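Given next are the chains, with one letter for each unit.
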Amino acid sequence: MRVALKPFAFLCLLFWVPGIAGIVAAQTSPLGVPTSVVNTKHNLSASGPGSVKATTEQEICIFCHTPHNATPVQPLWNRNLSMSAYKTYTSNSLKALPNQPTGQSKLCLSCHDGTIALGSVVSRNQPIQMANGITTLPPGASNLGTDLSDDHPISFTYDANLVTKNPKLKSPDLLPYNVRLDANKELQCTTCHDAHNNQYGSFLTMPNSNSELCNTCHSLGQTQVIQHTNCNTCHQTHSAPSGPYLLTKQTVSESCLACHNGGIGANQGTNVEPEIAAAYSHDTKSPVNLANHIPNNSDCKDCHEPHTMAPTIATVAAPGVPPSLGAIDGVSISGVKLPTAQFGYEVCLKCHADNAASISSLVNRKLVQTNMRLMFAPSAVSFHPIALKGVNTNVPSLRPPYTISSMIACTDCHGSDTSKAAGGTGPNGIHGSNLAGLLLARYETMDFTAYSPPAYALCFNCHDNTKVVADSGPFPWHNTHVNTNSTPCSACHDSHGISSLQGSPVNNYALINFDTSIVFKDEVTGRLEFDHTSNGHGACWVKCHGKDHSGTTY
C-alpha cells in the first residue's frame with residue numbers, strides 16, 4: 001500500500017530521509033523497523049501511528065518545517081523557540097560546561113520541554129488542533145520539562161581539551177559518521193538522535209542494545225561482570241530518578257539493589273540486600289552528588305567501580321584488592337590520593353583516614369585517634385598488620401597459618417556476620433552486619449562479660465583461645481583478667497593500632513590502650529600506664545575493679 005504525500009511532505013522526505021522510493025512504499029530496514037518518519041511517532045499528522053497526533057491535519061512535515069516564510073533558524077524551521085530558562089546538568093564528576101541549550105537542541109526542546117503547543121507553527125495563523133484535547137506533550141518520557149539536570153548533558157564543547165580533563169571520554173576524532181557534533185563542536189540532541197529515522201528505537205542514530213552508542217564517546221574500562229556491560233541496566237539517559245549520574249533509581253544503592261536483591265532474572269547478581277538492611281550498614285542511603293560525600297556518606301560506588309569489576313573467584317591474599325572492587329580509587333598509607341588503589345586497605349582509608357568519618361567508637365580510649373592511616377602506618381608503635389607485617393616478634397597465640405610475618409585485611413574483622421567469611425552462607429564484603437562496628441563475629445566490650453570463646457570470637461579467629469585464656473598458657477594473666485574477673489579484651493587492647501604521635505613502644509606495646517570507662521588512674525601515683533619490659537612482660541600502673549595495680553608486674 002502506497003502512502004499519498006502532499007508536495008511539501010514529499011520534498012521533506014526527499015531531503016531528510018535517504019532512499020525516497022523505498023520510503024514512499026514504506027520500506028523497512030533489515031531489522032524490520034520502518035525507516036520513514038511517516039511510520040514513527042514524529043508523524044504528528046492525523047495519519048500518524050502514535051497517540052499524539054492532529055485531528056484532521058494531513059501534512060506531516062509542517063509540524064517542524066515549512067518551505068516559505070520560515071523562521072531564520074535552519075532547516076526551514078516552522079516553530080518558535082522556547083524562551084524558557086533551563087536548569088542544566090551538573091555533577092561533581094562533570095568536566096564539561098553545559099550551557100543553556102543551543103543549536104539543534106533548542107529545536108528539539110520546542111516540543112520536548114512541554115512549554116509550547118505542538119500545533120503552534122509559524123506558517124499557520126491558528127494552531128493545528130490535536131486529537132483528544134492534547135496541547136503540549138503529555139507528561140512522560142518525551143516531555144523533559146525545563147529541568148534538564150536529570151538528562152544527559154547537551155550543548156557543551158566536546159573537544160581534545162575536554163578529553164584531557166576527562167580521560168574516560170574518547171577523542172571526538174573517533175566518533176563515527178552517524179554520531180556527529182555540530183559546527184561549533186558541541187554535543188547536541190542530534191548527536192544521539194535522528195528525528196526522521198526510528199529504525200533503532202528512540203530515534204537513535206545507531207544501535208544501543210549492547211551500549212554501542214554509549215561506547216562511541218565513553219571509555220570506562222572493561223568488566224567481566226556480564227550484567228555490567230550494558231549501560232541501560234543501571235543508567236537512564238533522560239528524566240533519571242537520581243538526577244546526576246543518570247541512574248535508574250534515586251540513589252546509587254537503590255540502583256544497585258535493583259539487581260542485587262535476590263530476585264529472579266538474567267540481570268540478578270549477588271544478593272546483598274539483607275546485609276544492607278542489617279542493624280549496622282555501610283550504606284548511608286545518601287542522595288547522589290553531595291558536595292561533601294566522603295567521609296560521612298557511603299554507598300556502593302565508594303568501594304566498587306562497576307565498570308571494571310570482576311567476579312571474585314578465589315580469596316585474594318592481603319593486602320591485595322579483591323577483583324569485585326574493580327579499579328577503584330583510594331588513599332595510600334602515606335596519605336596520597338590514588339586514582340586506582342593497589343591495596344585493599346587503601347579503599348577504606350578514603351573515609352577512615354585524615355578526614356575520618358564521624359563514627360562513634362565502641363570503646364572510650366585513653367589515646368583517642370580516629371585516623372586509621374596513622375594507626376596502621378609504618379611509624380605506628382603497635383598495630384595489627386594491615387599495611388605491613390607487625391612489629392611484635394613474640395605472638396605465640398597465633399593460629400596456623402598465621403605467623404608474625406602474616407598480613408591481614410580489614411575484611412578479616414569487618415563484614416557481614418552472616419557471610420561465608422563468618423561461617424554463614426551470605427556474601428562476603430563490608431555491606432552490613434548485625435554486630436556493632438560492622439564486625440564479622442562477636443567482640444564483647446562490656447565489663448563483667450562472662451568469659452566464653454564465642455564472646456570474643458572475633459579475636460579467636462586468629463588467636464588460639466586455649467593459649468590466650470589459660471593458666472598454663474603463655475599469658476596466664478589473661479586467664480585471671482578475662483576468665484576469673486570477667487574483663488573484656490578491649491579493656492586493655494586497642495584493636496587497630498597506636499599512632500607514634502601519641503604512644504610509645506614502652507607504654508603501648510602489644511596494642512595496649514586502656515578503656516577509660518573500665519581502667520582508671522592508679523590512686524598511689526596518679527598514673528594510667530603500662531610499662532613494657534621484655535618478652536611480653538611489664539608492669540601496670542592503673543586501678544580497675546576497685547583495685548590499685550601500682551606497678552603490678554605481669
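Everything below is about the structure printed above this text.
All figures in this text were calculated on a predicted structure; none of them were measured in a lab. (Residues numbered from 1 in each chain as written. Predicted model: local features only at pLDDT ≥ 70, side-chain atom pairs only at ≥ 80, totals over all residues. Heavy atoms only, no water.)

Section: the pairing of strand E10 (residues 529-532)
For a regular strand, side chains alternate in direction, first toward one face of the sheet and then toward the other.
Right, on to step 1. With four bridges joining them, E10 and strand E11 (residues 538-544) adopt antiparallel strand pairing. Each residue of the ladder has a partner; that of Asp-531, found in E11, is Ala-539.
Right, on to step 2. The turn joining E10 and E11, which pair antiparallel and follow one another in sequence, is formed by five residues; a positive phi near 50 degrees is taken by Asn-535. (Pairing = 2+ DSSP bridges. Helix = DSSP H or I, 4+ residues; strand = E, 2+ residues; numbered from the N terminus.)

Quick notes on the environment of Val-252
Right, on to step 1. Within the element layout of this structure, Val-252 appears in helix H7 (residues 252-257).
Right, on to step 2. With a relative accessible area of 7%, Val-252 lands in the buried category.
Right, on to step 3. Sequence separation between Val-252 and Asn-69 is 183 residues; the distance between their C-alpha atoms is 50 Å.
Right, on to step 4. If sequence neighbours within four positions are ignored, Val-252 has contacts with Leu-247, Val-288, Asp-299, Cys-300 and Lys-301. (Buried < 20%, exposed > 50% of the residue type's maximum accessible area, 1.4 Å probe, protein only. Contact = heavy atoms within 4.5 Å.)

Here's the deal with the pairing of E11
Right, on to step 1. With five of seven residues buried, E11 lies mostly within the body of the structure.
Right, on to step 2. Where strand E9 (residues 519-521) and E11 come together, three bridges link them in antiparallel fashion. By the bridge assignment, Val-519 is partnered in E11 with Cys-544.
Right, on to step 3. Where E11 folds back onto strand E12 (residues 547-553) in an antiparallel hairpin, the turn is made up of two residues, including His-545, whose phi is positive at roughly 55 degrees.

Re the packing of aromatic side chains
Right, on to step 1. Counted by the stated rule, this structure contains three aromatic pairs.
Right, on to step 2. Each ring, one from Phe-343 and one from Tyr-345, has its centre 5.6 Å from the other, and the planes form 5 degrees; the classification is stacked.
Right, on to step 3. Relative to Trp-477, the ring of Phe-475 lies with its centre 5.8 Å away and its plane at 90 degrees, an arrangement referred to as edge-to-face. Comparing Phe-475 with Trp-477, the two get one shared label, buried.
Right, on to step 4. Here the basic side chain of Arg-180 rests over the ring of Tyr-177, its NZ or CZ set 4.6 Å away from the ring centre. (Phe/Tyr/Trp six-rings, centres within 6.5 Å; stacked < 30°, edge-to-face > 60°. Lys NZ or Arg CZ within 6 Å of the ring centre and 35° of its normal.)

Describing helix H13 (residues 476-484)
Right, on to step 1. Among the residues of H13, Trp-477, His-478, Asn-479, His-481 and Val-482 are the ones counted as buried.
Right, on to step 2. Lining the buried residues of H13 we find helix H12 (465-468).
Right, on to step 3. Looking at the residues trailing H13, positive phi occurs at Ser-486, about 55 degrees.

Notes on the environment of Val-122
Right, on to step 1. Within the secondary structure layout, Val-122 lies in the loop between helix H3 (103-112) and strand E1 (156-157).
Right, on to step 2. Separated by 60 residues in the primary sequence, Val-122 and Ile-62 have C-alpha atoms spaced 9.5 Å apart.
Right, on to step 3. Excluding residues within four positions of it along the chain, Val-122 makes contact with Asn-69, Thr-71, Asn-78, Arg-79 and Asn-80.

Focus: helix H10 (residues 344-352)
Right, on to step 1. In terms of burial, H10 is largely enclosed, as seven of its nine residues are buried.
Right, on to step 2. Among the residues making up H10, those that are buried are Gly-344, Tyr-345, Glu-346, Val-347, Leu-349, Lys-350 and Cys-351.
Right, on to step 3. Summarising the contacts, the buried residues of H10 are in contact with helix H9 (300-303), strand E4 (330-331), strand E5 (337-338) and helix H11 (372-376).

Regarding the environment of Gly-437
Right, on to step 1. Note that Gly-437 resides in the loop between strand E7 (432-433) and H12.
Right, on to step 2. Sequence separation of Gly-437 and Ser-281 is 156 residues, and the distance between their C-alpha atoms is 9.3 Å.
Right, on to step 3. Beyond its immediate stretch of four places on either side in the chain, Gly-437 contacts Leu-362 and His-414.

A short note on unusual backbone geometry
Right, on to step 1. Pro-75 follows Gln-74 through a cis peptide bond whose omega is 0 degrees.
Right, on to step 2. One non-glycine residue, Tyr-245, lies in positive phi territory at about 75 degrees.
Right, on to step 3. Within the secondary structure layout, Tyr-245 lies in the loop between helix H6 (214-217) and H7.

Examining the nonpolar core
Right, on to step 1. By size, the foremost hydrophobic cluster in this structure holds 19 residues, and its most contacted members are Leu-148, Phe-156, Tyr-158 and Leu-162.
Right, on to step 2. Residues in contact with Tyr-158, not counting those within four places in the same chain, are Val-163, Leu-169, Lys-170, Pro-172, Leu-175, Leu-181, Lys-185, Leu-187 and Cys-217.
Right, on to step 3. Core analysis: the second largest hydrophobic core is formed by 14 residues, Leu-349, Phe-376, Phe-383 and Ile-408 among them. (Core = buried A, V, L, I, M, F, W, Y, C linked by side-chain atoms within 4.5 Å.)

A word on the side chain of Asp-464
Right, on to step 1. If you trace the backbone, Asp-464 turns up in the loop between E7 and H12.
Right, on to step 2. It is Arg-399 that comes nearest to the buried, bridge-free Asp-464 among opposite-charge side chains, at 4.1 Å.
Right, on to step 3. Looking at Asp-464, its side chain comes within polar contact range of the side chain of Thr-466, at 2.6 Å.
Right, on to step 4. Sequence-distant contacts of Asp-464, that is, excluding residues within four places in its chain, are made with Ser-397 and Arg-399. (Lys, Arg positive; Asp, Glu negative; His and termini not counted. Salt bridge = Lys/Arg side-chain N within 4 Å of Asp/Glu carboxyl O. Polar contact = N/O pair within 3.5 Å; in protein donor to acceptor, adjacent residues only side chain to side chain.)

Let's talk about the pattern of salt bridges
Right, on to step 1. Inspection of every chain in the model, using the stated rule, returns 10 salt bridges.
Right, on to step 2. Between Glu-57 and Arg-124 there is a salt bridge, with its nearest N and O atoms 2.8 Å apart. Separated by 67 residues along the polypeptide, Glu-57 in the loop between helix H2 (20-24) and H3 and Arg-124 in the loop between H3 and E1 bring together distant segments of the chain.
Right, on to step 3. Residue Arg-527 pairs with Asp-531 through a salt bridge whose shortest N-O separation is 2.8 Å.
Right, on to step 4. Take Arg-527: its relative accessible area is 25%, and that puts it in the partly exposed class.
Right, on to step 5. Shared partners join several salt bridges into a network, and the residues in it are Asp-299, Lys-301 and Asp-302.

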